[in-house]
Each structure stands twice: as structure tokens, then as C-alpha cells.
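# Architecture at a glance
Residue-level listing of the chains:
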Amino acid sequence: MELRTPTRRRDFLANLAVALTVIPGVAIAARYVLAYLVPRRAAAVREVMLARLDALPVGTSREFRGVLGNDVLVVRLGDGDVRAFSVVCTHLGCRVVWDQQEGNFLCPCHMGRFDPTGKVIAGPPPAPLPSFSVRLDRDAVYVTVPVEEV
Ligand code: FES
């Protein structure tokens, strides 16, 4: 192969430039096409019965540790209004508690506060408390939590 003539060298460099442009473009496009075509596995979740409703008076909370790998704080705000959140603060991971007098969640580490919906209302937490789906069936409280990866 002779690359010494200016025309062939120019052709070679032009082809190299096209290849260096096209190959990454094709690779990026293929990545998006594959991501579209191959369905993602949904996170595994499971519904767990956590408590009887009569064991959770209105305005109170209970903490459940290790529910399929999750520590869950359940609070009953009204007759049929029960909510469940992660006890892990979104700031630096301290454990939040339900402040019954204030009617909101408190993280004692840096005085972060979350309203009853989990939204940050004071302090440094950068994000709301992660919440879990709650279902009431007759007198039982069911919570849907992610299943811990093994
Ligand atoms: S760890 Fe909760 S406010 Fe800092």
C-alpha cells in the first residue's frame, strides 16, 4: 500500500476523519436504540401488612425496622389517612422521628423538618422523605416497599 502520494494520503485522512466521526455516532445511536428495545426490569416491590389500624391512634406513629430491608415510619394523620416514609433523612442519613406535638417529622442531627407529606420545611435536607404506598384493608395497614437486593 502506497501512502506517499499526496492524493492517497489526503484520501486516507479524509476517510479516517469520516470514520472517527461516524463510528462514535453509530455507537451512541445503537445505545439509545437498545435502551428503547430492551425493557428495563421494574424494581421488585412487595406489599407487607405492618400493623392493625387500632394499634396506631390518630396523630401517632410507629417505626418498623427491616421491613424487607427497609426501615419504615408509619404515621396516622386521620381516620383513613395513614402514610409511610423511610426513616432515613435525605441530608446525611440520620433517623427521622415523628414529632407528635409539631405534627411533622424531625431529624435531630441538624434539625431538619419534613411536613406530614414528607416535604422539607426546615433545615438542610435536600429532598423530601422517600414515601411508600399505603393501603388500608379493613383494620390492617399494608405498605408496599422495595425488596432488598440480595
Ligand atoms: S442528617 Fe437529617 S438534617 Fe442532617
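Refer to the structure above for everything that follows.
Everything in this summary refers to the structure shown in the same document.

Where nonpolar side chains cluster on the molecular surface, the patch consists of Val33, Leu34, Tyr36, Leu37 and Val38 and spans about 570 Å² of accessible area. Along the polypeptide, Leu37 turns up in helix 1 (residues 6-37).

Once that is clear, we can look at the state of the cysteines. For the structure on display, the rule yields one disulfide. Disulfide pairing places Cys94 opposite Cys109 at an S-S distance of 1.9 Å. Taking the torsion about the S-S bond as the criterion, the Cys94 to Cys109 disulfide, at about -95°, is left-handed. You can see Cys94 sitting in the loop between strand 4 (81-86) and strand 5 (97-99) and its partner Cys109 sitting in the loop between strand 6 (104-107) and strand 7 (112-114), a full 15 residues away along the chain. On the basis of relative accessibility, which here comes to 40%, the residue Cys109 falls in the partly exposed class.

This part covers the side chain of Thr60. Position of Thr60 relative to the elements: it lies in the loop between strand 1 (45-52) and strand 2 (61-67). In contact with Thr60, other than residues within four places in its own chain, are Val74, Val75, Arg76, Trp98 and Gln100.

Turning to the packing of aromatic side chains, a few remarks are in order. Applying the stated criterion to the full structure yields two aromatic pairs. Their ring planes at 65° and their centres at 5.0 Å tell us that Phe85 and Phe105 sit as a pair that is edge-to-face. Of the two residues, Phe85 is situated in strand 4 and Phe105 in strand 6; the sequence distance between them amounts to 20 residues. By relative accessible area, which is 0% here, Phe105 ends up buried. A ring pair is formed by Trp98 and Phe105, whose centres lie 4.8 Å apart and whose planes are at 65°; its orientation type is edge-to-face. Each member of the pair, Trp98 together with Phe105, is buried. An aromatic cluster is built from Phe85, Trp98 and Phe105, whose rings are joined through pairwise contacts. Above the face of the Tyr142 ring, Arg135 is positioned so that its terminal group lies 4.5 Å from the ring centre.

With respect to the helices and strands, the residue Asp79 is situated in the loop between strand 3 (70-78) and strand 4. In sequence terms Asp79 and Ala19 are 60 residues apart; their C-alpha atoms lie 67 Å from each other. For Asp79, the residues in contact, after removing those within four places along its chain, are Leu53 and Val58.

Conventions we followed
- Residues numbered from 1 in each chain as written.
- Predicted model: local features only at pLDDT ≥ 70, side-chain atom pairs only at ≥ 80, totals over all residues.
- Heavy atoms only, no water.
- Patch = residues over 30% accessible without salt bridge, like charges linked within 9 Å, V, L, I, M, F, W, Y side chains within 5 Å.
- Areas by Shrake-Rupley, 256 points an atom, 1.4 Å probe, with all protein chains shown as cover.
- Salt bridge = Lys/Arg side-chain N within 4 Å of Asp/Glu carboxyl O.
- Helix = DSSP H or I, 4+ residues; strand = E, 2+ residues; numbered from the N terminus.
- Disulfide = S-S within 2.5 Å.
- Buried < 20%, exposed > 50% of the residue type's maximum accessible area, 1.4 Å probe, protein only.
- Contact = heavy atoms within 4.5 Å.
- Phe/Tyr/Trp six-rings, centres within 6.5 Å; stacked < 30°, edge-to-face > 60°.
- Lys NZ or Arg CZ within 6 Å of the ring centre and 35° of its normal.

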